[in-house]
Amino acid sequence: MTNGLTVGNGHLLTGGIDTVELAEQYGTPLYVMDEDMIRQACREFKTSIDECYGRGMVCYATKAFCCKEMCRIMNDEGIGLDTVSGGEIYTALSAGFPAERIVFTSNNKKDEEIAFAIDNGVGRITCDNIEELYRISDIAVKKGRTVRVMLRLKPGVEAHTFEAVMTGQIDSKFGFAIETGEALKAAKKVAVLPGIDLAGVHCHIGSQIHDIAPFEKAAEVMFEFIAKLRDEGITIKDLSLGGGFGIKYTDKDVPVPYGDYMKRVSARVRECCDRFGLEMPFIMIEPGRSIAAPAGITLYTVGSRKTIPGIRTYIGIDGGMPDNPRYALYKSEYTAVVANKADEPKSETVTIAGRTCESGDLIGENMPLQHAEAGDIVAILATGAYNYSMASHYNRVPNAAVVMVRDGKSRVVVRRETFEDMCVNDL
Ligand code: LLP
């Protein structure tokens, strides 16, 4: 089985631990993360950066899955964080994460978030638009500080992924466009604005991408721009090539090994440095999904089985859209396993339905599954990214707990919310 999962005594095991026992011990729905897989992914990326570029930094994109323990693990692995909000920065700092290794990248930062980042010494701020540039400058000047800023650019590369997560093309809300001259104008502005030091440029072309070519193309476009800036007397020290590496959700996904991606992109980067007579910048990458998703599964208890003759069978579970909105949002496909019948064949094709008051609350349709009935435990695989982090309280359903497994042991890293938690801010 994939994702560090095995089968023992007919049960699904993650990190060697029986998932049926985890469901009994901690209740469901339950997110379970295999810590060794998370660490392994970090090491693969870090080793690749070291081997391919010599110097650079892997910044885990915390939007994929953010909690204090995840930040502690990232710190322990010696990588950086790509954060997207004051909340994520706060979480990282509360976990003792060094501010210097935090990058703050978002498309509409609030003044108080900028101030919070500056006050706490966040290493780099990636600026998305001209108004934000002025605001960062103003706030930095008022505080008597100089901020290292990166400019988020749109390289105009279309990556093959679903539209909602494509971000590098020209019609995108993210960043400065290169081809319209907007990016060059912004870079020249930085040179004269006080309180800002132009550290680098950044791009991110999309997510769940299985091709290497769009990444190579984006790198090339970025270097053409860096060369243009050099000709204008502006030196770029840092280059972030973003995240977006695809993972395997179902057998339809054939992810590129990350080492292959790194080798091919770094070869293009080196070739560009030679072509344009540039020094190798400090290279950053921002993997999110590829670090967190494969390590995670979600466990649910089946409450009902409803067969509509000639139409479909619904398997009703005790979670759904509030803990995993990705099918409702993107029609994202997942692999499901009945954890207590993991050695049985997947004899049925079912729709797994969530518990909220919404027809679209489904985990998936046409999903191959073992015969499931009330009381069974269903595991959905590769849910470590963009599930917990995208959870909602729809229908006032408390958020599920997150458990990490490692060395044959399990521990809660985010406790299950209570009804009381739901009302904590109600007046
Ligand atoms: N860097 C930036 C600037 C980003 O915007 C993102 C993701 C990443 C890095 C990390 O990308 P990753 O390696 O995880 O693909 N909610 C969607 C995914 C949205 C991704 C947004 N940006 C989903 O559930 O598929």
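Every value quoted in this text rests on a predicted model; they were computed, and no experiment measured them.

What counts and what doesn't
Residues numbered from 1 in each chain as written. Predicted model: local features only at pLDDT ≥ 70, side-chain atom pairs only at ≥ 80, totals over all residues. Heavy atoms only, no water. Helix = DSSP H or I, 4+ residues; strand = E, 2+ residues; numbered from the N terminus. Buried < 20%, exposed > 50% of the residue type's maximum accessible area, 1.4 Å probe, protein only. Contact = heavy atoms within 4.5 Å. Polar contact = N/O pair within 3.5 Å; in protein donor to acceptor, adjacent residues only side chain to side chain. Disulfide = S-S within 2.5 Å. Near = heavy atom within 4 Å. Nonpolar A, V, L, I, M, F, W, Y, C, P; charged D, E, K, R; others polar. Domains from an automatic or database assignment. Phe/Tyr/Trp six-rings, centres within 6.5 Å; stacked < 30°, edge-to-face > 60°. Lys NZ or Arg CZ within 6 Å of the ring centre and 35° of its normal. Axes fitted to C-alpha atoms, helices over the stretch in contact; angles between N-to-C directions. Parallel < 35°, antiparallel > 145°, perpendicular 65-115°, else oblique. Left-handed = near helix turned anticlockwise from the far one by under 90°. Salt bridge = Lys/Arg side-chain N within 4 Å of Asp/Glu carboxyl O.

Asks: So what exactly am I meant to see when it comes to the environment of E100 here?
Replies: For E100, the location among the structural elements is in the loop between α4 (86–94) and β7 (102–105). Using a relative accessible area of 43% as the deciding quantity, one classes E100 as partly exposed. Between the alpha carbons of E100 and V221 there is a distance of 28 Å; along the sequence they are 121 residues apart. Setting aside its immediate chain neighbours within four residues, E100 contacts G121, G123 and R148. One polar contact links E100 to R148, side chain to side chain, over a distance of 3.2 Å.

Asks: What should I look at first to understand unusual backbone geometry in this one?
Replies: In terms of backbone geometry, most residues other than glycine have negative phi values and most peptide bonds are trans. Between T28 and the following residue, P29, the backbone shows a cis peptide bond with an omega angle of -5°. Of note, P29 is situated in the loop between α1 (19–26) and β4 (30–34). With phi around 50°, R396 is a residue other than glycine that occupies positive phi space. One can find R396 in the loop between β19 (377–381) and β20 (401–406). The phi dihedral of D407 is positive, around 50°, even though this residue is not glycine. With respect to the helices and strands, D407 occurs in the loop between β20 and β21 (409–414).

Asks: What exactly am I supposed to notice about the state of the cysteines here?
Replies: Here a disulfide denotes a covalent bond joining the sulfur atom of one cysteine to the sulfur atom of another. The tally for this structure, following the rule as stated, stands at zero disulfides. Unpaired in terms of disulfides, C66 finds its nearest cysteine sulfur in C71, a separation of 4.4 Å. The class of C66 is buried, set by a relative accessible area of 14%. Cysteine C423 remains unbridged, with the sulfur of C357 as its closest cysteine sulfur at 19 Å.

Asks: Where do I start with the site of the ligand in this structure?
Replies: In the region of the ligand, 19 residues are neighbours, and S207, E286, R289, R326 and Y386 sit closest. Here an oxygen atom of the ligand and a side-chain polar atom of K63 are 3.1 Å apart. Its residues placed into classes, the shell around the ligand shows seven nonpolar, six polar and six charged. Two domains share the shell around the ligand, each providing at least three of its residues, namely domain 1 (5–34 + 294–414) and domain 2 (35–292).

Asks: How should the environment of K409 be read in this particular structure?
Replies: Along the polypeptide, K409 turns up in strand β21. In this structure K409 comes out as exposed when scored by relative accessible area, which is 58%. Placed 395 residues apart in sequence, K409 and T14 show a C-alpha to C-alpha distance of 11 Å. Residues within four places of K409 in sequence aside, it is in contact with I17 and M404.

Asks: Please clarify how the packing of aromatic side chains should be interpreted in this entry.
Replies: Taken as a whole and judged by the stated rule, the model has ten aromatic pairs. Each ring, one from F245 and one from Y258, has its centre 6.1 Å from the other, and the planes form 55°; the classification is tilted. Note that F245 is positioned in the loop between β12 (238–240) and α9 (258–276) and Y258 in helix α9, a separation of 13 residues in sequence. Taking relative accessible area as the criterion, F245 reaches 5% and is therefore assigned buried. An angle of 55° between the planes, with centres 4.4 Å apart, marks the rings of F245 and Y261 as tilted. Placement of the pair is F245 in the loop between β12 and α9 and Y261 in helix α9, with a sequence separation of 16 residues. A connected cluster of aromatic rings, assembled from ring pairs, spans F45, F215, F245, Y258 and Y261. Sitting above the plane of the F104 ring, K109 keeps its charged end 5.4 Å from the centroid.

Asks: Would you mind going over the packing of helix α7 (residues 182–192) against helix α8 (residues 213–231) with me for this structure?
Replies: Where α7 contacts α8, the axes come no closer than 11 Å and their chain directions differ by 45°. With respect to α8, the axis of α7 lies oblique. Considering the relative orientation of α7 and α8, their crossing is right-handed. Where α7 abuts α8, its residues A183, L184 and A187 lie against F225, K228 and L229. Of the residues in the contact of α7 with α8, the class split is five nonpolar, no polar and one charged.

Asks: Mind showing me how you'd approach the packing of helix α5 (residues 111–119) against helix α6 (residues 130–142) here?
Replies: For any two helices packed against each other, one specifies the crossing angle of their axes together with the interaxial distance. Where α5 meets α6, the axes come as close as 10 Å, and the angle between the chain directions of the two elements is 50°. The angle between α5 and α6 falls in the class oblique. In terms of crossing hand, the pair formed by α5 and α6 is right-handed. Taken together, the residues of α6 that come into contact with α5 (itself represented by D111, I114, A115 and I118) are R135, I136, I139 and A140. Of the residues assigned to the contact of α5 with α6, the class counts are six nonpolar, no polar and two charged.

Asks: Mind showing me how you'd approach the pattern of salt bridges here?
Replies: Side-chain pairs of opposite charge can arise whenever the charged atoms involved come near each other. Tallied over the full model, the rule gives 32 salt bridges. With a shortest N-O distance of 3.6 Å, E232 and K188 are connected by a salt bridge. A residue pair is termed long-range when its members are at least 10 positions apart, and E232 in the loop between α8 and β12 and K188 in helix α7 qualify at 44 residues. Exposure remark for E232: the relative accessible area of 41% places this residue in the partly exposed category. Residue K188 is classed as partly exposed on the basis of its relative accessible area of 38%. The closest approach of N and O atoms between K341 and D376, which form a salt bridge, is 2.7 Å. With K341 in the loop between β16 (336–338) and β17 (348–353) and D376 in the loop between β18 (362–369) and β19, the pair connects residues that are 35 residues apart, well separated along the chain.

Asks: Help me understand the side chain of Q370 in this model?
Replies: With respect to the helices and strands, the residue Q370 is situated in the loop between β18 and β19. Within polar-contact distance, the side chain of Q370 engages the backbone nitrogen of V338 at 2.9 Å. At 3.3 Å, the side chain of Q370 and the backbone oxygen of E344 are in polar contact. When residues no more than four places from it in sequence are discounted, the contact partners of Q370 are V337, V338, K341, A342, E344, P345, K346, S347 and E348.

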